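# Coordinate analysis (summary)
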Amino acid sequence: MNINPLRLMKTLTIIALMVCASATIQAKKIKDVTVLYDGPHYWMPCPQMDIDKETGDSTVIWRSSEDRHVEGRDGVWVKNVPLRTIPPIHEEYRYSRDMKDGLVPLNFQLTEEEGFTVLHCYMRMPATSVSNFWLASDETAIVDRETGAQYRAIRCEPADAWYKYFKFTAPKDSTIDFKIYFPRLLPSTKTVSIYGVPNWHLRGEIEWNIRGLQYFATMKGFDQKPEMHHPTLVRPAHDYNKNNSGTWSVYTDAHLIKPLKEGTKALWLTPEATYVAVAHEQNWLREYMGVEKGGMLLDANGHQYKLKELVDYPLGEIYWVEGKSGDFVATFKVYEPLPLDIETITYVEPDGEPFSAWGANWKGSVESNLSVEELRSNQKLFEYKKRDIIIQ
């Protein structure tokens, strides 16, 4: 087939102009969106998945939609569900790849666009099909906490999802962008509660503002900050390289405790922070340890309480602890403060990066449904205990 070079050049020019025009339109759309609030990330346990052996399609039945007193629990099929386009969502989903418990990440954003206030409800697809899902109805509303003004939901996208259970399909691991439209909030609105979006735990109860999430816990029942024996830094890290153990920091005289099962934990609630102690068995005179950045605690509603500090030791680095084989030592982690009314938590510690060492292992963990009361009762187990060596 003969190709006319001039005609080809003209065609490519037209296509390039069309791409530029499309990019300009898309940029204008993004520019016209004002993000009022970027909500926290929730982590929902993934329901049991059924997989069709012939097609490979996977299905989950969503269990947390709540009883909406609506007939037809299985719901109707909703087609062409919107995938995430704008506004952008934080990419804090990396832990979900390695979670054995199969947690599903969700997030929401409150924006102003097209003359409306829009609630974007994002969800990472756990399967190719989800059923028994619920989005919004006439009970969905935004309430100004200062004035009491109610902004009732007008509609949602997809429109077929309004006031009913529904089923939908999308590529697995894609991010769904459900939208709920409200009248535009007054510019003076600063603090709101959101009602009637149960799958994102928006049922009132919590006040949201541009400065972030606010909890109003009383001082009654808080713990004192745990007493900790501080180790001695023998040698600080120098030109730290995770694959060169000679560059790691070295500590001795760690916080010793009575013998406990590896990974036993205790928890302290204070107004400023949440402390978690973790027990470790020392098998050698010199043992390497490490805690990766990005750890968190999750409550039953999926709210995150992020790891801020590893007391006395470097966070995100491997380090040496020198002691005696047979020692039991504790490390103390500091998280954002938990409210006093939290009953259970999920403990999330992400994997560390692979490194070169004999028996190298920097594996994270996810422990679900831990009782806060039981963890607080473990505090006495972590009292400092001097080493007791018997010499005949």
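Now for a description of the structure that goes with this document. In this convention, every chain numbers its residues from 1, walking through the sequence in written order. Restriction of local features to residues with pLDDT of at least 70 applies here, the model being predicted, together with a cutoff of 80 or more for giving and counting side-chain atom pairs; totals for whole chains, interfaces and linings are based on all residues. Side-chain numbers come from the whole structure's heavy atoms, not from hydrogens or water.

## Here we look at the packing of aromatic side chains
Pairs were defined over the aromatic rings of Phe, Tyr and Trp, the Trp ring being its six-membered one, requiring ring centres within 6.5 Å. Orientation was assigned from the angle between planes: stacked under 30 degrees, edge-to-face over 60, tilted for the rest. Under the definition given, this model contains 22 aromatic pairs. Between the aromatic rings of F133 and F168, the centroid separation amounts to 5.5 Å while the plane-to-plane angle is 80°, which identifies the pairing as edge-to-face. Linking F133 in strand 7 (residues 129-133) with F168 in strand 11 (residues 166-169), this pair joins segments that are 35 residues apart in sequence. Take F133: its relative accessible area is 0%, and that puts it in the buried class. Judged by its relative accessible area of 0%, F168 falls in the buried class. The structure contains a cluster of three or more aromatic residues connected by ring pairs, namely W62, F133, F166, F168, F178 and W200. Consider the ring centre and the ring normal. A charge sits over the ring if Lys NZ or Arg CZ is within 6 Å of that centre and within 35 degrees of that normal. Of note, R286 hangs over the ring of W320, and the distance from its end group to the ring centre comes to 5.1 Å. Numbering of helices and strands runs from the N terminus, with a helix taken as a DSSP run of H or I at least four residues long and a strand as a DSSP run of E at least two residues long. Each residue is placed in one exposure class: buried if its accessible area under a 1.4 Å probe, protein chains only, is under 20% of its type's maximum, exposed if it is over 50%, and partly exposed if it falls in between.

## Quick look at the environment of L135
Relative to the helices and strands, L135 is located in the loop between strand 7 and strand 8 (141-144). The exposure class of L135 is buried, given its relative accessible area of 0%. Put simply, L135 and F166 are 31 residues apart on the chain and 8.8 Å apart in space, counted from C-alpha to C-alpha. Ignoring sequence-local partners within four residues, the contact set of L135 consists of C121, C156, E157, A161, F166, F178, I180, G196, V197, P198 and W200. The contact criterion used throughout is that any non-hydrogen atoms of two residues lie within 4.5 Å.

## Some words on the pairing of strand 3 (residues 58-61)
Every other side chain in a regular strand lies on the same face of the sheet, so the side chains alternate between the two faces. Going residue by residue along strand 3, you find S58 and V60 tucked away on one face and T59 and I61 left uncovered on the opposite face. Paired strands, as defined in this entry, are two strands with at least two bridges between them according to DSSP. Two strands pair when backbone bridges link them, and strand 2 (residues 49-51) and strand 3 are joined in this way by three bridges, in the antiparallel orientation. Considered in strand 3, the bridge of M49 is made with V60. The turn linking strand 2 back onto strand 3 is made up of six residues, and G56 within it adopts a positive phi angle of 80°. Two strands pair when backbone bridges link them, and strand 3 and strand 7 are joined in this way by three bridges, in the parallel orientation. Bridge assignment links T59 to a residue of strand 7, and that residue is S129.

## Observations concerning the pattern of salt bridges
We count a salt bridge whenever a side-chain nitrogen from Lys or Arg sits within 4 Å of a carboxyl oxygen from Asp or Glu. The tally for this structure, following the rule as stated, stands at nine salt bridges. Of the charged contacts, one joins D223 and R376 as a salt bridge, the two residues approaching to 3.0 Å between their closest N and O atoms. With a gap of 153 residues between them, D223 in the loop between strand 15 (212-214) and strand 16 (232-235) and R376 in helix 2 (residues 372-377) connect regions that are remote in the sequence. Residue D223 is classed as buried on the basis of its relative accessible area, which comes to 17%. In this structure, the salt-bridge partner of D327 is R387, at a minimum N-O distance of 2.7 Å. Of this pair, D327 sits in the loop between strand 23 (318-322) and strand 24 (328-335) while R387 sits in the segment after helix 2, placing them 60 residues apart in sequence. On the accessibility criterion, R387 (40% relative accessible area) is partly exposed. Three or more residues are tied together by salt bridges with common partners; here these are R155, E157 and K179.

## Examining the environment of T247
When you line up the elements, T247 lands in the loop between strand 16 and strand 17 (249-252). The exposure class assigned to T247 is buried, which follows from its relative accessible area of 6%. Beyond its immediate chain neighbours, meaning those up to four positions away, T247 contacts A237, H238, D239, Y240 and N241. Pairs of N or O atoms within 3.5 Å make up the polar contacts considered here, provided that, within protein, one atom can donate a hydrogen while the other can accept it, and that residues adjacent in sequence are counted only when both atoms are side-chain atoms. Only 2.9 Å separates the side chain of T247 from the backbone nitrogen of N241, close enough to count as a polar contact.

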